[in-house]
Amino acid sequence: MPVMTPMQEPRDIMATLSFRSFLVPGQLVSHPDHPEWGEGQVQSAIGHRVTVMFPHAGKILVDATVVQLTVLS
């Protein structure tokens, strides 16, 4: 369980804990910071952890609270 810092409100911690990605396995996505990786396919999406197989980078674990993948399909 995350530790609350002095500047963090309890509701902010709960929002982080309950985050769920809208992505589902099979969707095609691109990474906004790495277009050279190509069109990736979502392998799994559990909470904020999204595993994507990119043709030019391999399997990448993405934190969906940090990176907003672009849905292509």
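Definitions and cut-offs
- Residues numbered from 1 in each chain as written.
- Predicted model: local features only at pLDDT ≥ 70, side-chain atom pairs only at ≥ 80, totals over all residues.
- Heavy atoms only, no water.
- Pairing = 2+ DSSP bridges.
- Helix = DSSP H or I, 4+ residues; strand = E, 2+ residues; numbered from the N terminus.
- Contact = heavy atoms within 4.5 Å.
- Core = buried A, V, L, I, M, F, W, Y, C linked by side-chain atoms within 4.5 Å.
- Buried < 20%, exposed > 50% of the residue type's maximum accessible area, 1.4 Å probe, protein only.

Novice: Where do I start with the pairing of strand β4 (residues 58-63) in this structure?
Specialist: Along any regular strand the residues' side chains alternate between the sheet's two faces. Taken together, the six bridges between strand β3 (residues 49-54) and β4 define a ladder with antiparallel strand orientation. If you follow Val-50 over to β4, its bridge partner there is Val-62. Taking the residues between adjacent antiparallel strands as the criterion, β3 and β4 are bridged by three residues.

Novice: I tried to follow the side chain of Ser-21 on my own but got confused; where do I start?
Specialist: Along the chain, the position of Ser-21 falls in the loop between α1 (10-17) and β1 (28-30). The contacts of Ser-21, once residues within four sequence positions are left out, are Ala-45, Gly-47, Val-50 and Ala-64.

Novice: Please clarify how the pairing of strand β2 (residues 40-46) should be interpreted in this entry.
Specialist: Pairing between β1 and β2: two bridges, direction antiparallel. By the bridge assignment, Leu-28 is partnered in β2 with Gln-41. Where β2 and β3 come together, five bridges link them in antiparallel fashion. Residue pairing for β3: Ser-44 is matched across the bridge by Thr-51. Counted along the chain from β2 to the antiparallel partner β3, the turn is two residues long, and its residue Gly-47 has a positive phi close to 60°.

Novice: It is not clear to me how the nonpolar core should be interpreted in this structure. Could you clarify?
Specialist: One broad trend across soluble globular proteins is that nonpolar side chains are buried collectively. By size, the foremost hydrophobic cluster in this structure holds eleven residues: Leu-23, Val-29, Trp-37, Val-42, Val-50, Val-52, Phe-54, Val-62, Ala-64, Val-67 and Leu-69. With three residues, β3 is the single largest residue contributor to this core.

Taken by themselves, the reported measurements are silent on function.
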